[in-house]
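# Observations on chain architecture
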Amino acid sequence: MDCLFWYIFMLLNKNNLENALLNDAKPSEFFEKLRFNDDFKVIYPELFSLIGLHQNPKFHAEGDVWNHTMLVIDAAVSFREKVSFPLGFMLSALVHDFGKAVCTEEINGVIHSYDHESKGLPLIEDFLKRLHYSDDTIKYVLNMALLHMKPNTIAVNNSSIKASNRMFNESIAPLDLIYLGAADCLGQIPVGNAEKNIAFLKERLEIYNKIMSRPYVTAEDLQAAGYIDSEILSETMEYADKLRLSNVPIESAQKQCIAYARSLKKNLEKSLH
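Overview of the structure.

Calculation rules
- Residues numbered from 1 in each chain as written.
- Predicted model: local features only at pLDDT ≥ 70, side-chain atom pairs only at ≥ 80, totals over all residues.
- Heavy atoms only, no water.
- Helix = DSSP H or I, 4+ residues; strand = E, 2+ residues; numbered from the N terminus.
- Expected span 1.5 Å × (residues − 1).
- Buried < 20%, exposed > 50% of the residue type's maximum accessible area, 1.4 Å probe, protein only.
- Contact = heavy atoms within 4.5 Å.
- Phe/Tyr/Trp six-rings, centres within 6.5 Å; stacked < 30°, edge-to-face > 60°.
- Lys NZ or Arg CZ within 6 Å of the ring centre and 35° of its normal.
- Axes fitted to C-alpha atoms, helices over the stretch in contact; angles between N-to-C directions.
- Parallel < 35°, antiparallel > 145°, perpendicular 65-115°, else oblique.
- Left-handed = near helix turned anticlockwise from the far one by under 90°.
- Nonpolar A, V, L, I, M, F, W, Y, C, P; charged D, E, K, R; others polar.

### Here's the deal with helix α5 (residues 65–76)
- Between its terminal C-alpha atoms α5 stretches 16 Å, which fits the 16 Å expected from 12 residues at 1.5 Å a residue.
- Of all 12 residues that make up α5, 10 are buried, and the element is covered over most of its length.
- Tucked inside the fold, the buried residues of α5 contact α2 (28–34), α3 (40–43), α4 (45–48), α6 (86–95), α7 (100–103) and α13 (174–186).

Here is the structure:
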């Protein structure tokens, strides 16, 4: 295909894909038909690689990664109108497990896909760029895919507030991430308790939002007090952010930041002599 024809060809496929993700009650029906198209492997090699890709049957009795992905995008439909970015959300549901194609292995008779959420990012980026998505869309989807395992893990393990705060702080769209986790949970057999996880995580999101709305230690405060200079500013503020996510009160955090800055400065001075 020449470049112009290929561009038009991909644009038409992109439009059809978006229409299914944004308007169909069961987007999986579109993709199940598409998989038998002669051009499927050429247009969507990342999706093609999910067909027949085995998963641990203990957690994924639904079958291969393709089956799981189809269940996830259908489950995601119920959250489609609740998220901040419906197209980005549905694309995230579609691509979230691309990494399993490059890291699935059998160890002592057990199938694992360690770090698939991070190892899939280059594949996801290639997929989205080939379909000419905007930088903002790509940024959103990559962020969602990277974090998609965390919501259910935190909810099931009843992890600390500090852990959920860190997750929300990393997320571009925390509420969307909660719903992506729920769709992922609903897309596997046995099905997890998605409603319980959503309720738990929404409570945690409220806590996070309250913490982030309160006044907190700023670089200007510390610089004005004369306790911090440019060489140690960045590292001190990283420390301040960690204290904030741990819900340390501002008065205590300011004292700890000053002590931390003094320690950094002392170490810096030592290294220069």
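### Quick notes on the packing of aromatic side chains
- With the rule as written, the count across this model stands at 10 aromatic pairs.
- A ring pair is formed by F98 and F127, whose centres lie 5.4 Å apart and whose planes are at 85 degrees; its orientation type is edge-to-face. Of this pair, F98 sits in the loop between α6 and α7 while F127 sits in helix α9 (residues 121–130), placing them 29 residues apart in sequence.
- For F127, a relative accessible area of 0% puts it in the buried group.
- Between Y239 and Y260, the aromatic rings sit 4.1 Å apart at their centres with planes inclined by 15 degrees, giving stacked as the arrangement. Linking Y239 in helix α16 (residues 230–245) with Y260 in helix α17 (residues 250–271), this pair joins segments that are 21 residues apart in sequence.
- Taken together, the aromatic side chains of F40, Y44, F48, W66, F98 and F127 make up a single cluster linked through ring pairs.
- Directly above the aromatic system of Y133 lies the positively charged group of K14, at a separation of 4.2 Å from the ring centroid.

### A look at the packing of α6 against helix α10 (residues 135–147)
- The N-to-C vectors of α6 and α10 enclose an angle of 50 degrees; their axes lie 9 Å apart at closest approach. Regarding the angle of α6 to α10, the classification is oblique. The handedness of the crossing between α6 and α10 is right-handed. Residues G88, F89, L91, S92 and V95 of α6 touch α10, and the partners they reach there are T137, Y140, V141 and M144.
- Its residues assigned to classes, the contact of α6 with α10 comprises six nonpolar, three polar and no charged.

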